[in-house]
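Notes for the structure review
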Amino acid sequence: MTSTTTTTTASTFWLGTSWKMTKTLAEAGDYADELRTAALAGQVPPELRLFVLPPVTALATVRDRLDGAQLDRARLLLGAQNAYPGPEGPVTGEVSMGMVRDAGARMVELGHAERRTLLGETDELIAAKVAAAVSAGLIPLVCVGETAAERDRGDTASVVAGQVRAALGGLGRLAPAELLIAYEPHWAIGAQGRAAAPDDVADGLAVVRQVLAEELPDSTTGVLYGGSVDAGNAADLASGLDVDGLFVGRAAWTAAGLLDLAHRCADAARAHSTTDQVPAIVRKDR
Ligand SMILES: O=C(CO)COP(=O)(O)O
């Protein structure tokens, strides 16, 4: 990793959750209320940038219920889990980048493993979405990662590098003001998954950083890990690796879960900042 790849600052450590296809409006509202109460009580660690990606049905509700939480927009971002890469019009069942932005999204997740495998999303479609997101002023959060079979074949680095390169391939002259890439090996995600070992995570993150250094040397980028992150491994992942954040599913599907992980990440950073080791969370430049 060269020092030119990111302008990530000491106070930037991302911790976010996608709720995937869960939560009624009532449940989404309750989660937002809990987060708002915690924020007003000063219980959200200031070192973190949190993000929450509700299902699109709940986006505006969560935005409205968090209103007044006194977390400025840089410290708590709402986002969508997907959007269509074209203007409003006759595309049945889809929502545009502009529509999710209108509903409160400042970021949009693209290319998640579940969409690649369950819905057949291709690298080409994901590239079009990345470009559309940037055009709409949304921060793209692009998920990349190899399947178990690709890993077993020893293809992790080529698959991950190819996905990152492809995702950026539609940008042309568009320069994202900010871009997040989450390394999420498919085999690490969900109830059937197991969290990747630190060496595997480090290898995946390094591949992502290498491609970003080559393709987008001047952009503000963040490289996250996701896949079975929980209370048992979050602190080690946050402090021991060259990682700019954690992307969580199940373990943050309650506000209490998200807040617990937030404290674990912040505590890990503080503990490590007094040692010789310089964790990603307090590193000034990479
Ligand atoms: O897919 C994920 C985040 O995008 C991770 O999900 P889990 O944390 O539930 O494994």
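What counts, and where the lines are drawn
- Residues numbered from 1 in each chain as written.
- Predicted model: local features only at pLDDT ≥ 70, side-chain atom pairs only at ≥ 80, totals over all residues.
- Heavy atoms only, no water.
- Helix = DSSP H or I, 4+ residues; strand = E, 2+ residues; numbered from the N terminus.
- Rg over C-alpha atoms; globule rule 2.2 N^0.38 Å.
- Buried < 20%, exposed > 50% of the residue type's maximum accessible area, 1.4 Å probe, protein only.
- Contact = heavy atoms within 4.5 Å.
- Areas by Shrake-Rupley, 256 points an atom, 1.4 Å probe, with all protein chains shown as cover.
- Lys, Arg positive; Asp, Glu negative; His and termini not counted.
- Charge placed at Lys NZ, Arg CZ, Asp CG, Glu CD.
- Expected span 1.5 Å × (residues − 1).
- pLDDT = per-residue confidence, 0-100.
- Phe/Tyr/Trp six-rings, centres within 6.5 Å; stacked < 30°, edge-to-face > 60°.
- Lys NZ or Arg CZ within 6 Å of the ring centre and 35° of its normal.
- Core = buried A, V, L, I, M, F, W, Y, C linked by side-chain atoms within 4.5 Å.
- Near = heavy atom within 4 Å.
- Polar contact = N/O pair within 3.5 Å; in protein donor to acceptor, adjacent residues only side chain to side chain.
- Nonpolar A, V, L, I, M, F, W, Y, C, P; charged D, E, K, R; others polar.

Glancing now at the overall build of the protein chain. Secondary structure summary: the protein chain contains 10 helices and eight strands in total. The C-alpha atoms of the protein chain give 18 Å as radius of gyration, which agrees with the globular expectation for 286 residues (19 Å, within 12%). A principal-axis box enclosing the C-alpha atoms of the protein chain has dimensions of 45 × 45 × 35 Å. The buried share among the 286 residues of the protein chain stands at 52%. Here the analysis covers contacts within the protein chain between residues at least 6 apart in sequence; of these, 77% occur between residues at least 24 apart. In the form shown here, the protein chain has an accessible surface area of approximately 12200 Å², with 52% of it arising from carbon and sulfur atoms. Computing the positive centroid from 25 side-chain charges and the negative centroid from 36, the protein chain places the two 3 Å apart.

Look at helix 5 (residues 123–135): 18 Å from first C-alpha to last across 13 residues, which is about the 18 Å you get at 1.5 Å a residue. Every buried residue belonging to helix 5 is among Ile126, Ala127, Lys129, Val130, Ala131, Ala132, Ala133 and Val134, and all of these are buried. Tucked into the core, helix 5 has its buried residues touching helix 3 (97–102), strand 4 (107–110), helix 4 (113–118), strand 5 (139–144) and helix 7 (156–168). Note on helix 5: the residue one or two positions beyond its end, Gly137, has a positive phi of about 80 degrees.

A few words now on the confidence of the model for the protein chain. Averaged over the protein chain, the pLDDT score is 90; the fraction of residues at 70 or greater is 91%. Segment residues 1–10: pLDDT under 50, and 35 contacts once partners within four positions in sequence are set aside and those in other chains are kept. Counting interchain partners and residues more than four positions distant, the pLDDT-below-50 stretch residues 276–286 has 38 contacts. For this predicted complex, the interface score ipTM comes out at 0.99, alongside a pTM of 0.92.

This part is about the packing of aromatic side chains. For the structure on display, the rule yields three aromatic pairs. For the ring pair Phe51 and Phe247, a centre distance of 5.4 Å and an interplane angle of 55 degrees mean the geometry is tilted. On the criterion of sequence distance, the pair formed by Phe51 in strand 2 (residues 48–53) and Phe247 in strand 8 (residues 245–248) is long-range, its members being 196 residues apart. Of the two residues, Phe51 and Phe247, both sit in the buried class. Three or more aromatic residues joined by ring pairs make a cluster, and in this case those are Trp14, Phe51 and Phe247. Directly above the aromatic system of Trp19 lies the positively charged group of Lys23, at a separation of 5.2 Å from the ring centroid.

On to the nonpolar core. One recurring pattern in soluble globular proteins is that nonpolar side chains are buried together. Counting residues in hydrophobic clusters, the biggest one holds 73 residues, and the most contacted among them are Leu15, Val208, Tyr225 and Leu246. Beyond its immediate chain neighbours, meaning those up to four positions away, Leu246 contacts Phe13, Trp14, Leu15, Gly16, Leu224, Tyr225, Val229, Ala234, Leu237, Ala238 and Cys265. With 12 residues, the next largest nonpolar core counts Phe51, Leu77, Met107 and Ile139 among its residues.

All right, on to the site of the ligand then. Taken together, the residues surrounding the ligand are Lys20, His112, Glu184, Ile189, Gly190, Gly227, Ser228, Phe247, Val248, Gly249 and Arg250. At 2.7 Å, a side-chain N or O of His112 approaches an oxygen atom of the ligand. Protein burial of the ligand: of its 310 Å² of free accessible surface, 99% is covered by the chains. For the shell around the ligand, the residue count by class is three nonpolar, five polar and three charged.

Within the secondary structure layout, Ala60 lies in helix 2 (residues 59–66). For the pair formed by Ala60 and Phe247, sequence separation is 187 residues and the distance between their alpha carbons is 22 Å.

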